[in-house]
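Below are the chains, spelled out letter by letter.
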Protein chains: 2
Amino acid sequence: MAVIVDAMGGDFAPTEIVNGAIAAARDGIEIVLVGKQDELAQFPLQGLSIQVQHAPDTIGMDEHAARAVRKKPESSIRVASALLKKSPGSALVSAGHTGAVMASALLDLGRMEGIERPAIATILPTTQADVVVLDVGANVDCKPHQLVQFAHMGAAYARNVLNVSNPRVALLNIGSEPAKGNELSLAAHALLKESGLNFIGNVEGDHLYAGECDVAVTDGFVGNVLLKTTEGVSHLFQHVIAQVAQEMGEKARALGPLLAKLERFKTTQPNYAGAPLLGVEGACIITHGASKAETIKHAIRIAQRFATSDTLNSIRQTGQRRQGDGSNA
Amino acid sequence: MAVIVDAMGGDFAPTEIVNGAIAAARDGIEIVLVGKQDELAQFPLQGLSIQVQHAPDTIGMDEHAARAVRKKPESSIRVASALLKKSPGSALVSAGHTGAVMASALLDLGRMEGIERPAIATILPTTQADVVVLDVGANVDCKPHQLVQFAHMGAAYARNVLNVSNPRVALLNIGSEPAKGNELSLAAHALLKESGLNFIGNVEGDHLYAGECDVAVTDGFVGNVLLKTTEGVSHLFQHVIAQVAQEMGEKARALGPLLAKLERFKTTQPNYAGAPLLGVEGACIITHGASKAETIKHAIRIAQRFATSDTLNSIRQTGQRRQGDGSNA
């Protein structure tokens, strides 16, 4: 089992990506770095469990994902996903263009049978345990039964990767009563009740951060707004803290323990950097474009855990069950 | 001009509501308190510019808004909105059931001509100036042209109440490029470009909190998720700060200046407590159900500013323009 790393994707590629991979390799993880051979030859990879797979092309952050992925089969992300296809049981990590990672995975690995829409999940901190939220951007307009599939996939990830024994699944909504919400959430609520999952009902954004559920499902538009709003409010707090620290001058040293604790809540920080792509035939982790080496190392560890867990099998069963019963709901 | 206050609405009614009204009256604002006469008679209202209007009934937080409002014409919120109808130029404040306030306003005051959907706006802090976000819960499923009306209403409020001279209007979306988003946001983006407003394009949740726009429009489902997520992340930070403070023991006094500064960001705190209901024939401010006296006093001030500004006229013109040109978009 190896973790295949897209060395050219991300704002700080390849340096921070490669340094993260080196750190992971030192921890005993087998790595395949995919990218421009000459650039990767600059790094001290000797004596480590790191192979290099050449990919002459790259995909920029501002390119049109689907088009770029088709036009550039030799790009690092395409070569990485093709390699994962040939190495079942391995995993992939990329800090590149999210849409391109998604499109490559669909093209090279394919959707799981019976899964209509792969989704991107994110792991967020709460006052209690972490929560898996999906979809956070892959699917902007969703059907109710797709949210049910997201729920199954998120629960599979929570159970197998985060070790939550009977994940409490909730529907992100704007009120706790079943009769609250928009057309999509009303219909999804009814289906989730019959899903066989440990469905605990609706959850609002404030209760989500109080740790009231282990998995929260929503469409990719709302999920992405939740994610970006979280980043925005988090930056706002950090801005205020920095302002106060400046005003405190010397005395700001007293804020040290607080700042250390808050590191955990920066969404680009190691603990919350690994967003699994669920519903494709392979263990893919997308990390924040601004990821530094520490985050990449963490994402590689998560990817390893994802690939060696029973998550993919579990999601495959969800898809097959759906095919089997011929259900459309 | 008086501010009509629903004395029975809110988690801490009537005590905190009445105390807030007393504080506002001491600042020279004329108040009409609406609620149960015998309960209100317990408070020291003598010598203040406060009248009492009896309303024998109340609407609880868990009642069905539309039904309760129709069934209880003698409820405090219904009596208050009927009174506002008879007192053009006055304003209304309620910390009660949001849906009931909305339904009462629609029933007693009515929608403005040409405005399809009244909206609830909220004023949020950013690292720069405040931002008006709407809709945050009145309309869960919206049409693109309704978002354009929200934009006009939000801009009118920003201009007239917050004194922003040429408000930068943005569409809350999940990417800055015009081609990003779901069906609703793609269509709304195209219409907003032609709206005559100072439309600056899409804004994401993180950029919103960096102060990149003065008004952000979205449908009530997404807006409510944004609002609740903001509350959730804010509580999470406060939870962490409280934890650290406990660990610091004596030394936690050093956190004082920070805690003071953060007060501003609690959404139930005075500065961000007044959510205007826009698009009905009257100046209505809805405050958080958990509002205490300070917040109520602030909301009363905001309501006064709203009612004495040109906001209602300005929104009326938006509606009339739309009627005038027979446009459906």
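Located above this text is the structure these notes cover.
Residues numbered from 1 in each chain as written. Chains lettered and ligands numbered in written order. Predicted model: local features only at pLDDT ≥ 70, side-chain atom pairs only at ≥ 80, totals over all residues. Heavy atoms only, no water.

A.B. asks: Report on the packing of aromatic side chains, specifying residues and quantitative values.
C.D. replies: The tally for this structure, following the rule as stated, stands at three aromatic pairs over all chains. Ring geometry for Y157(A) and F306(A): centres 5.4 Å apart, planes at 85 degrees, overall edge-to-face. You can see Y157(A) sitting in helix 6 (residues 144–160) and its partner F306(A) sitting in helix 11 (residues 293–308), a full 149 residues away along the chain. Considered together, Y157(A) and F306(A) belong to a single accessibility category, that of buried residues. Judged by centre distance (4.5 Å) and plane angle (15 degrees), the ring pair of F237(A) and F237(B) falls under stacked. Here F237(B) lies in helix 9 (residues 220–248) and F237(A) lies in helix 9 (residues 220–248), a pairing that spans two chains. One cation-aromatic arrangement involves K292(A) over F12(A); the distance from NZ or CZ to the ring centre is 4.9 Å. (Phe/Tyr/Trp six-rings, centres within 6.5 Å; stacked < 30°, edge-to-face > 60°. Helix = DSSP H or I, 4+ residues; strand = E, 2+ residues; numbered from the N terminus. Buried < 20%, exposed > 50% of the residue type's maximum accessible area, 1.4 Å probe, protein only. Lys NZ or Arg CZ within 6 Å of the ring centre and 35° of its normal.)

A.B. asks: I'd love a proper account of the interface of chain B and chain A, names of residues and values included.
C.D. replies: Tallying the contact residues gives 45 residues for chain B and 45 residues for chain A. In this assembly, chain B packs against chain A so that about 4300 Å² is buried in total across both faces, 78% of it on carbon and sulfur atoms. When the area that chain B buries against chain A is broken down by residue, the three leading residues are I174(B), F221(B) and F237(B), summing to 17%. Applying the counting criterion to the chain B and chain A interface returns four salt bridges. (Contact = heavy atoms within 4.5 Å. Buried area = accessible area lost by both parts, 1.4 Å probe. Salt bridge = Lys/Arg side-chain N within 4 Å of Asp/Glu carboxyl O.)

A.B. asks: I'd like a rundown of the relation of the copies chain B and chain A, residues and numbers included.
C.D. replies: For the pair chain B and chain A, the relating rotation is 180 degrees, the translation along its axis is 0.0 Å, and the fit reaches an RMSD of 0.0 Å. In short, the pair behaves as if placed about a two-fold rotation axis. Take the interface residues of chain B: 100% of them recur as interface residues in chain A, which is what a same-surface contact looks like. (Least-squares fit on C-alpha atoms with pLDDT ≥ 70 in both.)

A.B. asks: Talk me through the packing of helix 4 (residues 76–86) of chain B against helix 5 (residues 98–109) of chain B; I want residue IDs and the actual numbers.
C.D. replies: All names here are of chain B. Two elements in contact, helix 4 and helix 5, have axes whose closest approach is 9 Å; the angle formed by their N-to-C orientations is 40 degrees. The orientation of helix 4 with respect to helix 5, classified from their angle, is oblique. Classified by chirality, the crossing of helix 5 by helix 4 is right-handed. Within the contact between the two elements, helix 4 uses I77, R78, S81, A82, L84 and K85 and helix 5 uses A100, V101, S104, L107, D108 and L109. The class makeup of the residues in the contact of helix 4 with helix 5 is seven nonpolar, two polar and three charged. (Axes fitted to C-alpha atoms, helices over the stretch in contact; angles between N-to-C directions. Parallel < 35°, antiparallel > 145°, perpendicular 65-115°, else oblique. Left-handed = near helix turned anticlockwise from the far one by under 90°. Nonpolar A, V, L, I, M, F, W, Y, C, P; charged D, E, K, R; others polar.)

A.B. asks: If you had to explain the packing of helix 6 of chain A against helix 7 (residues 183–193) of chain A to someone new, which residues and values would you point to?
C.D. replies: Residues and elements named next belong to chain A. Axis separation between helix 6 and helix 7 bottoms out at 8 Å; the angle between their running directions is 50 degrees. Here helix 6 lies oblique to helix 7, going by the angle between them. Where helix 6 crosses over helix 7, the two elements pack in a sense that is right-handed. In contact with P144, H145, L147, V148 and A151 of helix 6, helix 7 contributes L184, A187, A188, L191 and L192. Partitioned by chemical class, the residues of the contact of helix 6 with helix 7 number nine nonpolar, one polar and no charged.

A.B. asks: Explain the sheet that holds strand 1 (residues 3–6) of chain A residue by residue, including any values.
C.D. replies: Residues and elements named next belong to chain A. One open sheet accounts for 11 strands, arranged 3-2-1-4-11-10-5-6-9-7-8; its pairing is mixed. The open sheet has two edge strands, strand 3 (50–54) and strand 8 (199–203), and neither has a second partner. Going from strand to strand, the sheet's axes swing by 25 degrees on average, the running direction of each strand aside. In this structure, strand 5 (residues 119–124) lies alongside strand 6 (residues 131–134), joined through four bridges in antiparallel fashion. Looking at strand 6, one finds that A121 is bridged to L134. Together, strand 1, strand 2 (31–35), strand 4 (91–94), strand 10 (275–278) and strand 11 (283–286) form the strand contacts of helix 11, whose direction differs from that of strand 11 by roughly 155 degrees. (Pairing = 2+ DSSP bridges.)

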